[in-house]
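Single-letter residue listing:
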Amino acid sequence: GMPVHYGRIRSQARRRALVDLVDGLTWWEAHVFETAHPASARHTSEHFVRARLLKVALVQLTGEGGVTGVTLETRSSPSRGLDQIDLRDRSVIQRLQDQGLVSPGVDMTHADKSEPLLWLADVLAGARSDDICAVDPGASARLAHRMRIVRVEVGRRR
């Protein structure tokens, strides 16, 4: 099928139908890592926020969660080659492994939208954003019983 891009779906009815479809899938549970407060672009770099969220997620999921493989959506493309964001992600996990915070056996890969599990993550993140930003209050309520929200403090860093 076609990759799912929640943000590109303009119709609220279609977005809700997608949330209903995801709600009907019984085999998933999610941990959503988000900033505890809106991160000001003026005071906090996007790279810093991503690295901080990734660090907390990797330590929690691979430690107490027992996760041994992580797939992130790539920012690379065949035409542009390997993206700096993907390289930074790899440096985050490498640093955590060097510090003993993440097992050296944990494998992290990047995949594009041809990976269907990334569609699920896209819908969850999109519905959560619609909820928080009051685009569609309650958008993620149908999924909340299977979503563990983890709020991460992100300090200021330029």
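Now for a look at the structure at hand. Every value quoted in this text rests on a predicted model; they were computed, and no experiment measured them. (Residues numbered from 1 in each chain as written. Predicted model: local features only at pLDDT ≥ 70, side-chain atom pairs only at ≥ 80, totals over all residues. Heavy atoms only, no water.)

1. Details of the packing of helix 1 (residues 12-24) against helix 4 (residues 116-132)
Part 1 of the reasoning: It is the contact of helix 1 with helix 4, at a shortest axis distance of 10 Å, that shows an interaxial angle of 125°. Considering the angle they form, helix 1 stands oblique to helix 4. Relative to helix 4, helix 1 is oriented so that their crossing is left-handed. For the pair helix 1 and helix 4, contact is made by Arg15, Leu18, Val19 and Val22 and by Leu120, Val123, Leu124, Ala127 and Asp130, respectively. (Axes fitted to C-alpha atoms, helices over the stretch in contact; angles between N-to-C directions. Helix = DSSP H or I, 4+ residues; strand = E, 2+ residues; numbered from the N terminus. Parallel < 35°, antiparallel > 145°, perpendicular 65-115°, else oblique. Left-handed = near helix turned anticlockwise from the far one by under 90°. Contact = heavy atoms within 4.5 Å.)

2. What about the environment of lysine 113?
Part 1 of the reasoning: By secondary structure assignment, the location of lysine 113 is in the loop between strand 3 (107-111) and helix 4.
Part 2 of the reasoning: According to the relative accessible area criterion, lysine 113 is buried, its value standing at 8%.
Part 3 of the reasoning: Sequence spacing of lysine 113 and phenylalanine 33 is 80 residues, and the spatial spacing of their C-alpha atoms is 20 Å.
Part 4 of the reasoning: In this structure lysine 113 touches Pro3, Val4, His5, Glu73, Leu118, Trp119 and Asp122, once residues within four positions along its chain are discounted.
Part 5 of the reasoning: Within polar-contact distance, the side chain of lysine 113 engages the side chain of aspartate 122 at 3.0 Å. (Buried < 20%, exposed > 50% of the residue type's maximum accessible area, 1.4 Å probe, protein only. Polar contact = N/O pair within 3.5 Å; in protein donor to acceptor, adjacent residues only side chain to side chain.)

3. Concerning helix 2 (residues 46-62)
Part 1 of the reasoning: Under the 1.5 Å per step criterion, the end-to-end length of helix 2 is 24 Å for 17 residues, consistent within 8% with the ideal 24 Å.
Part 2 of the reasoning: All of the buried residues in helix 2 are Phe48, Val49, Leu53, Leu54, Val56, Ala57, Leu58, Gln60 and Thr62.
Part 3 of the reasoning: As for helix 2, its buried residues are in contact with strand 1 (30-35), strand 2 (69-73), helix 3 (84-98) and strand 4 (147-152). (Expected span 1.5 Å × (residues − 1).)

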